[in-house]
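Close look at the chain arrangement
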Amino acid sequence: MTAISEPEPLNRTPPSLTGRFRRDPLLLLATGIAKAWWPVWGTVTRLPATSADSGVFPVRVVGREQVALDENVIALTFAAEDGGLLPRWYAGAHLDLLLPSGRIRQYSLCGDPADQSAYRIAVRRIPDGGGGSVEVHDEISVGDTLSVMGPRNAFPLALPGVADGTDPAAAHLRFIAGGIGITPILPMLSHAQRLGYDWSMIYTGRSRESIPFLDELTRYGDRITIRTDDEHGLPGVDDLVGPLDGDRPIALYCCGPVPMIDLLRAHLDGRRDLELHYERFSPPPVVGGSEFTVNLARSGTSTTVAADESLLAALRRVYPGVPYSCQQGFCGTCRLQVLDGEPEHRDSLLSDAERAGGDILTCVSRCAGDHLTLDL
Ligand code: FES
């Protein structure tokens, strides 16, 4: 039959994005850079280009174009600064951008993995976000040099049938993209097409004007269903999953907003005939949280962390430039020291020794009591 064995666990946060280390060495390096950089936040300047040995290397921006009709999504193309080949990558991989301000942001690669002369990413402008997308839109131009790290892959395309040589047509691949969530999916489509897989896709978004790469997708014809909220309303599970084809197993690859992924997880959990692979592009909702107070020892200020907000979000109200990256508890960029209070750890990264030593990842972890005091 096919290579599909067990469905993927429905919660996938790798401790190391290469799968080789408990803590990802590249992200630890990025964290160090971010923390060293943060005290001089506000001085907008370029990060120095670092050698490839450190995992950080310079790329030159060689292309910039609007890829959505509403002009809120741009695609940037990078080439190696020395004109050589770029490190290889596979569908689902992302690149860490070390932005001039010191922010670190992750963007899926959406070009051709077979082309080692260029990387392409796409960025939606989010005016009320953390500032990274606005910085990319407003500050990055063709000809600039940026420091990047990676590529790394936390959302690999595991093709049914490849490992054991069975017929690719024995399984069906269903891609589900919500808005800018199309970016990791794009190279998956061309790969599945090239290998002769039976696949289909639903592409959702607020409106046709808001969803990027429409022109590029026309070559796939009716394999792709475009469904926008303004024309069709919000999609349900059946719309997203599509028609099931008898006993054939189906592997779902989804990248989109949190409500879409939560909807799929809630309805598909426990199904043995479906694999669900997904990647979020925004932090997961806070579940089972209680309100507490966070005291910031160095500044002598305090703020309240609401039951449904993250500790990181509360800290960013006080210090908008506090470092963070993945917002999902696996990169370590938001790590701080607890001086007092009892943390409730919700990450997948810190060791027992690190927790005992007072470390906390503020993007996901909380407080088991009524207050925490942080070394901030
Ligand atoms: S931002 Fe990545 S672990 Fe918190």
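Presented here is an overview of the structure given in this document. The shown structure was predicted, so the numbers you read here are calculated from the model rather than taken from an experiment. (Residues numbered from 1 in each chain as written. Predicted model: local features only at pLDDT ≥ 70, side-chain atom pairs only at ≥ 80, totals over all residues. Heavy atoms only, no water.)

Counting secondary structure elements, the protein contains nine helices and 16 strands. Every one of the 376 residues in the protein was classed for burial, and the buried ones make up 51%. Considering only residue pairs separated by 6 or more positions, the protein has 66% of its internal contacts joining residues 24 or more positions apart. (Helix = DSSP H or I, 4+ residues; strand = E, 2+ residues; numbered from the N terminus. Buried < 20%, exposed > 50% of the residue type's maximum accessible area, 1.4 Å probe, protein only. Contact = heavy atoms within 4.5 Å.)

With that out of the way, let us pick up helix α2 (residues 132–139). Considered for burial, the residues of α2 that qualify are G132, S133, E135, V136 and H137. Structurally, α2 contributes buried residues whose contacts are with β1 (56–66), β2 (73–80), β4 (104–108) and β5 (119–124).

Looking now at the side chain of T373. Relative to the assigned elements, T373 resides in strand β16 (residues 366–374). Within the structure, T373 has its side chain in polar contact with the side chain of N295 (distance 3.4 Å). Discounting residues that sit within four places of it in the chain, T373 has contacts with N295, A297, Q337, V338, L339 and D340. (Polar contact = N/O pair within 3.5 Å; in protein donor to acceptor, adjacent residues only side chain to side chain.)

Core analysis: the largest hydrophobic core is formed by 33 residues, its most contacted members being F175, I185 and M201. Taken together, the elements giving at least two residues each to this core come down to β2, β7 (172–178), α3 (182–194), β8 (198–205), α4 (214–217) and β10 (250–256). Sorting elements by how many residues they give to this core places α3 first, with six residues. Built from parts of two domains, this core gets at least three residues from each of domain 1 (41–153) and domain 2 (168–280). Residues contacting M201, with those up to four places away along its chain left out, are R174, F175, A177, I182, I185, L189, L217, R223, I224 and T225. Core analysis: the next-biggest nonpolar cluster, separate from the first, contains 23 residues, L296, V305, C367 and L372 among them. (Core = buried A, V, L, I, M, F, W, Y, C linked by side-chain atoms within 4.5 Å. Domains from an automatic or database assignment.)

With that out of the way, let us pick up the packing of aromatic side chains. Throughout the structure, instances matching the rule amount to four aromatic pairs. An angle of 55 degrees between the planes, with centres 6.1 Å apart, marks the rings of F155 and Y253 as tilted. In this pair, F155 is assigned in the loop between β6 (145–153) and β7 and Y253 in strand β10, connecting sequence segments 98 residues apart. When sorted by exposure, F155 lands in the same class as Y253, which is buried. Seen from their ring centres, F175 and Y253 are 6.0 Å apart, and the 40 degrees between their planes marks the pair as tilted. With F175 in strand β7 and Y253 in strand β10, this residue pair connects regions lying 78 residues apart in the sequence. Residue classification places F175 among the buried positions, given a relative accessible area of 0%. (Phe/Tyr/Trp six-rings, centres within 6.5 Å; stacked < 30°, edge-to-face > 60°.)

What follows concerns helix α7 (residues 258–268). Turning to α7, its buried residues are V258, M260, I261, L264 and L268. Angular distribution of buried residues about the axis of α7 spans 165 degrees; they occupy a single face of the element. Summarising the geometry of α7, the exposed residues directed more than 90 degrees from the buried face are P259 and A266. Positioned one or two residues after α7, G270 has a phi angle of 95 degrees, which is positive. (Arc of directions from axis to C-beta.)

On to the environment of G63. Mapped onto the fold, G63 is located in strand β1. Beyond its immediate stretch of four places on either side in the chain, G63 contacts A75, L76, T77 and V142.

β8 sits mainly inside the fold: seven of its eight residues count as buried. Between the parallel pair β7 and β8, the chain is carried across by α3, and the sense of this crossover is right-handed. Relative to strand β9 (residues 224–228), β8 is paired through five bridges, and the arrangement is parallel. If you follow I202 over to β9, its bridge partner there is T225. (Right-handed = clockwise from strand over helix to strand, strands pointing away. Pairing = 2+ DSSP bridges.)

Next up on the list: the sheet that holds β4. Strand order in the open sheet made by the six strands is β4-β3-β6-β1-β2-β5, with antiparallel pairing throughout. Strands at the two margins of the open sheet, each flanked by one partner only, are β4 and β5. For this sheet, the mean inter-axis angle between neighbouring strands, taken without regard to orientation, is 40 degrees. Of the strand pairs in this sheet, strand β3 (residues 93–98) and β4 are connected by five bridges, and their pairing is antiparallel. Among the inter-strand pairings, L97 is bridged to a residue of β4, identified as R105. Those strands touched by α2 are β1, β2, β4 and β5, and its axis lies near 115 degrees from that of β5. (Axes fitted to C-alpha atoms, helices over the stretch in contact; angles between N-to-C directions.)

On to the sheet that holds strand β15 (residues 359–361), then. Spatially, the five strands line up as an open sheet ordered β13-β12-β16-β14-β15, and their pairing is mixed. Edge strands, defined here as strands with exactly one partner in the open sheet, are β13 (301–305) and β15. Sheet twist, expressed as the average angle between the axes of neighbouring strands with direction ignored, equals 40 degrees. Relative to β16, strand β14 (residues 335–344) runs antiparallel, the two sharing five bridges. Bridge pairing in β16 places G341 opposite L372. In the packing of helix α8 (residues 311–318) onto the sheet, contacts are made with β12 (292–296), β13, β14, β15 and β16, and the angle to β13 comes to roughly 140 degrees.

So, about unusual backbone geometry. The omega torsion of the bond from G150 to P151 falls at -5 degrees, within 30 degrees of zero and hence cis. Counting through the fold element by element, P151 comes out in strand β6. Its identity is not glycine, yet E71 carries a phi of approximately 65 degrees, on the positive side. Tracing the backbone through its elements, the reader meets E71 in the loop between β1 and β2. With a phi angle near 65 degrees, F213 is a residue other than glycine that sits in the positive phi range. If you trace the backbone, F213 turns up in the loop between β8 and α4.

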